[in-house]
Amino acid sequence: MEKKTIRDVDVKGKRVLVRVDFNVPTDENRQITDDTRIRAALPTIKYLLEQGAKVILASHFGRPKGQVNEKYRLDQVAKRLSELLGQEVAKTSDCVGPEAEAAVAALAPGQALLLENVRFHAEEEKNDPEFAKKLAALADLFVNDAFGAAHRAHASTAGVAQYLPAVAGFLMEKEISIMGKALANPERPFVAIIGGAKVSDKIGVIQNLLTKVDTLIIGGGMANTFLKAQGYELGKSLVEEDKVQLAKELLATAQQRGIELLLPRDVVVAAAFAPDAEHKTVAVGEIPADWQALDIGPATAEKYAGVIRQAKTVVWNGPMGVFEMDAFARGTEAVAKAMAECPGTTIIGGGDSVAAVEKVGVAEKMTHISTGGGASLEFLEGKTLPGVAVLQDK
Ligand SMILES: Nc1ncnc2c1ncn2[C@@H]1O[C@H](COP(=O)(O)OP(=O)(O)O)[C@@H](O)[C@H]1O
Ligand SMILES: O=C(OP(=O)(O)O)[C@H](O)COP(=O)(O)O
């Protein structure tokens, strides 16, 4: 369903409440270590300012559990945003109440302010209607640009839309249109690569993708459970014993539907789960009893890369191995490089895979890198995201 966006409404002179996801990583000195999410919201913010709107930004930051916590104030974010916009962005010390109301009343068209962390109020995550009403009372229009938080049915992501007309910002529009098109109407061959630690985290994603893709590539720790389902011995590798039966069913489903499901044929095994552990490449049938598989092997990586390069649409979520340790990062790097070489639509679904493409230095080569980890997973599961559902249809 196509959603109305800020292009479809008149915003001139209006007070516009924009929910953004400024939940950025910071270091121990509260300095922002990656401002991607702030940059990603700039097109929406700049457009609204240029159109003469009064822009009121709201975001969560961390998980302060409904209480004021100095560690989770948004001052650094307001500072960085001011630098990126080239204009001062005021910041309030609470997201509702007299100070916030006064700050909004003082806004001129073309000015922006950032409200304090909405999660300082327990009512936010409870999606409390009275709290949503207070937030809504600050504005004339609600714009949701927080794709990364769109899987949360909270007051500032969903509740406010009960009281204000609600439309999508440009980031939200981009996320749902690129990933939506890939799922609904992909150019084929459509290849999905799913990795990461556990099958249990991605059951829904695999099930949904098995109704859409031509080829499903599986790597990372979760591949072990599938290999176990095929009868291989995995030694000390991470295997979810209680998911082996499910893996068998998923393998059968793929076969029935004529979907190619690729699993590792060789793996890098290590004598211990450590960066400097002794390691070697073996065929999947030859994993020593005391060793563990921590990466896909070179033959598997080459096979996967070949399939990825030929694809017209590729979606990737989750690393192929323990890529944080250099010795077990080759498989993930090979997938990242193949994605960069693929001339089709290439989509990275958040989480660790984003870190992997950045490490390899190929982030700019991707068609789209989602700003949401959990949100993109739920999107790929085919779920309706609450923060999207509340927006007006076109
Ligand atoms: N073979 C493996 N054995 C153990 N852990 C693995 C293996 N392959 C990948 N991992 C781990 O999986 C983690 C990422 O999993 P996950 O959180 O599911 O991915 P994402 O964040 O991309 O969704 C990484 O920390 C990585 O080290
Ligand atoms: O960082 C986020 O999620 P992500 O790590 O899954 O991308 C979002 O800002 C959502 O945060 P939350 O998981 O505390 O609701």
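The rules we used
Residues numbered from 1 in each chain as written. Chains lettered and ligands numbered in written order. Predicted model: local features only at pLDDT ≥ 70, side-chain atom pairs only at ≥ 80, totals over all residues. Heavy atoms only, no water. Domains from an automatic or database assignment. Contact = heavy atoms within 4.5 Å. Buried area = accessible area lost by both parts, 1.4 Å probe. Salt bridge = Lys/Arg side-chain N within 4 Å of Asp/Glu carboxyl O. Polar contact = N/O pair within 3.5 Å; in protein donor to acceptor, adjacent residues only side chain to side chain. Nonpolar A, V, L, I, M, F, W, Y, C, P; charged D, E, K, R; others polar. Pairing = 2+ DSSP bridges. Helix = DSSP H or I, 4+ residues; strand = E, 2+ residues; numbered from the N terminus. Axes fitted to C-alpha atoms, helices over the stretch in contact; angles between N-to-C directions.

1. Thoughts on the domain arrangement of the chain
When the parts of a complex come together, some accessible area is lost, and that lost area is often used as the size of the interface.
Thinking step 1. Split by domain assignment, the chain resolves into domain 1 (15-170) and domain 2 (179-380).
Thinking step 2. Listed as interface residues are six residues of domain 1 and, on the opposing side, 11 residues of domain 2.
Thinking step 3. In this assembly, domain 1 packs against domain 2 so that about 620 Å² is buried in total across both faces, 63% of it on carbon and sulfur atoms.
Thinking step 4. Of all residues in domain 1, the largest losses of buried area upon contact with domain 2 belong to Arg 37, Phe 147 and His 151, amounting jointly to 75% of the total for that side.
Thinking step 5. For the pair domain 1 and domain 2, the interface holds zero salt bridges.
Thinking step 6. Between domain 1 and domain 2 we count one residue pair in polar contact (both at pLDDT 80 or more) in total.
Thinking step 7. Residues of the side of domain 1 that touches domain 2, tallied by class, amount to two nonpolar, two polar and two charged.

2. A closer look at the sheet that holds strand E12 (residues 292-296)
Thinking step 1. Spatially, E11-E10-E12 is the arrangement adopted by the three strands of the open sheet, whose pairing is antiparallel. Strands with a single pairing partner mark the edges of an open sheet, and in this sheet they are strand E11 (279-283) and E12. Averaged over all pairs of adjacent strands, the angle between their axes in this sheet comes to 40°, without regard to strand direction.
Thinking step 2. Where strand E10 (residues 266-270) meets E12, four bridges bridge the pair, whose relative direction is antiparallel. Residue pairing across strands places Val 268 opposite Asp 295, the latter belonging to E12.

3. Overview of the sheet that holds strand E9 (residues 260-262)
Thinking step 1. The six strands lie next to each other as E9-E8-E7-E13-E14-E15, forming an open sheet whose pairing is parallel. In the strand order of this sheet, the two ends are held by E9 and strand E15 (368-369), each with one partner.
Thinking step 2. One ladder, built from four bridges, connects strand E13 (residues 313-317) with strand E14 (residues 345-348); its direction is parallel. In the sheet register, Trp 316 faces E14, and the bridge partner there is Ile 348.
Thinking step 3. Sheet contacts for helix H11 (residues 330-341): strand E7 (190-194), E13 and E14; angle to E13, the most-contacted strand, approximately 150°.

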